[in-house]
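Structure at a glance
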Amino acid sequence: MDERTRDKDVSLRERLASGGFAVTAEISPPRGASTQPITKTAANLKDWVDAVNVTDNQGSNVRLASWAGSLALLEAGLEPVMQMTCRDRNRIALQSDLLGAAALGIRNILVMTGDHPKFGDHPGAKPVFDLDSVQLLWALRTMRDQHVLLSGRKLDPAPDCFLGAVENPFAPPVEFRAGRLGKKVAAGAQFVQTQFVFDVPAFARWMAQVRDLGLTEHCAILAGVGAVRSVKALDYMQSHVPGVEVPDHIFQRLRAVPPEKQKAEGIKLAAEIVQQVAEIAGVAGVHLLVAGNEQAVPEILQNAGTPVIDGR
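Now for a description of the structure that goes with this document. This structure is a prediction, so every number in the text was calculated from the model and none was measured.

**Some points on the pairing of strand E8 (residues 283-288)**
Of all six residues in E8, six are buried; the element is thus mostly enclosed. In this structure, strand E7 (residues 220-225) lies alongside E8, joined through five bridges in parallel fashion. Paired with Gly224 across the two strands is His287, which belongs to E8.

Put into structure tokens, the structure is as follows:
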């Protein structure tokens, strides 16, 4: 199949509400005062995904603002998912950002606590963390549904937003991860994107716990799938990304091919994982963690095939 049959006029919210298989991807804004790199990347993703995350100073490194990147995606004809972290802004700025995003037509908001500044390019920066991700979800839902700020002051009009969160099924203690997701769903999360899934059986066990808690009835789960470019990159993720669990057979598979072919093998592996997680009850879609490697998206989805490729 050379072209997507996915309906570009269907929003992420509508895709998930209809029971279709959703596909989202991710863009890292540039370290510079231009949206041109985002527009260029958007052209490669436009026919393949339902929406694209725009990261919010990921890794505590300064980049173009998420709202600016999200606006650039809208202008390029792609639906953005604007990330909002609690690290850099207090409750006044966070609520203001939601109002601004909604006013500009940015509807999808992904909430996360954020990495501590000590891990980024300004380690001396003062962290804010006025709210955590659960508190921020609750605050944004209150603004939308009750038309009031945290202060109790009325909003007119209230923002229209589709609220998302992140979750790591593999971070210890694993027995509490489904319950932690439950708190986010209770606070207002309508969709969730997970950390990298390499251990599909472990992810399936987490999904069973999620289903047992009834969370899939209220929240769409999108499994995080990434295309690994090399054994070196896989080693880095295993060592430096909290909660990423890479089974030995994944390492063995990549090491079995020459270095120049590992990128292609990583794309093939990603497509297989997409197929596998799509068969797990309660999985509503995939989030392709390919920031910096967005050109891999078409090949991943083509290899994954239908029903993933057409959203049915």
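Okay, back to it.
**So, the side chain of Ser133**
The topology assignment puts Ser133 in helix H5 (residues 133-146). In contact with Ser133, not counting residues within four places along its chain, are Cys86, Val111, Met112, Thr113 and Lys184.

**Quick look at the packing of aromatic side chains**
Counted under the stated rule, the structure contains three aromatic pairs. With a centroid separation of 5.0 Å and 25° between ring planes, the pair formed by Phe162 and Phe191 is classed as stacked. Here the residue Phe162 occupies a position in strand E5 (residues 162-167), and Phe191 occupies one in strand E6 (residues 191-196), the gap between them amounting to 29 residues. For Phe162, a relative accessible area of 5% translates into the label buried. With a relative accessible area of 0%, Phe191 lands in the buried category. On the basis of an interplanar angle of 10° and a centroid distance of 5.9 Å, the ring pair of Phe196 and Phe198 is categorised as stacked. On the basis of relative accessibility, which here comes to 14%, the residue Phe196 falls in the buried class.

**Quick look at the nonpolar core**
Grouped together as the largest cluster of nonpolar side chains are 84 residues, with contacts concentrated most on Ile109, Phe198, Phe203, Leu288 and Ile300. With seven residues, the single largest contributor to this core is helix H10 (residues 262-278). Not counting residues within four places of it along the chain, the set of residues in contact with Leu288 comprises Val23, Thr24, Ala25, Glu26, Val225, Val274, Val297, Ile300 and Leu301. The next biggest cluster of nonpolar side chains, apart from the first, holds 12 residues, and it includes Ala51, Met112, Phe162 and Leu222.

**Let's talk about the packing of helix H9 (residues 248-255) against H10**
When two helices pack together, you describe them by how their axes are tilted relative to each other and by the distance separating the axes. Across the interface, H9 lies against H10 with an axial gap of 9 Å and an inter-helix angle of 140°. Relative to H10, H9 is oriented oblique. Residue-level inspection shows Ile250, Arg253 and Leu254 of H9 in contact with H10, the latter providing Gln262, Glu265, Gly266, Lys268, Leu269 and Glu272. Per-class residue counts for the contact of H9 with H10 are three nonpolar, two polar and four charged.

**Considering unusual backbone geometry**
A cis amide bond links Asp156 to the next residue, Pro157, at an omega of 0°. Note that Pro157 resides in the loop between H5 and E5. With an omega dihedral of -5°, the bond running from Pro172 to Pro173 counts as a cis peptide bond. In this fold, Pro173 is placed in the loop between E5 and helix H6 (177-187). Residues other than glycine seldom take positive phi values, yet Asn57 does so here, at roughly 50°. Within the element layout of this structure, Asn57 appears in the loop between strand E2 (51-54) and helix H3 (66-75). By relative accessible area, which is 18% here, Asn57 ends up buried. Look at Ser60: it is not a glycine, yet its phi comes out positive at around 60°.

**A short note on the sheet that holds E5**
Pairing in this closed barrel of eight strands is parallel, and the strands run E1-E2-E3-E4-E5-E6-E7-E8 around the ring. With strand direction ignored, the average angle separating the axes of adjacent strands in the sheet is 30°. Relative to strand E3 (residues 80-85), helix H4 (residues 91-103) is tilted by about 170°, and along the sheet it contacts E3 and strand E4 (108-112). Sheet strands in contact with H6 are E5, E6 and E7, and its direction is about 160° off that of E5.

Thresholds applied
- Residues numbered from 1 in each chain as written.
- Predicted model: local features only at pLDDT ≥ 70, side-chain atom pairs only at ≥ 80, totals over all residues.
- Heavy atoms only, no water.
- Buried < 20%, exposed > 50% of the residue type's maximum accessible area, 1.4 Å probe, protein only.
- Helix = DSSP H or I, 4+ residues; strand = E, 2+ residues; numbered from the N terminus.
- Pairing = 2+ DSSP bridges.
- Contact = heavy atoms within 4.5 Å.
- Phe/Tyr/Trp six-rings, centres within 6.5 Å; stacked < 30°, edge-to-face > 60°.
- Core = buried A, V, L, I, M, F, W, Y, C linked by side-chain atoms within 4.5 Å.
- Axes fitted to C-alpha atoms, helices over the stretch in contact; angles between N-to-C directions.
- Parallel < 35°, antiparallel > 145°, perpendicular 65-115°, else oblique.
- Nonpolar A, V, L, I, M, F, W, Y, C, P; charged D, E, K, R; others polar.

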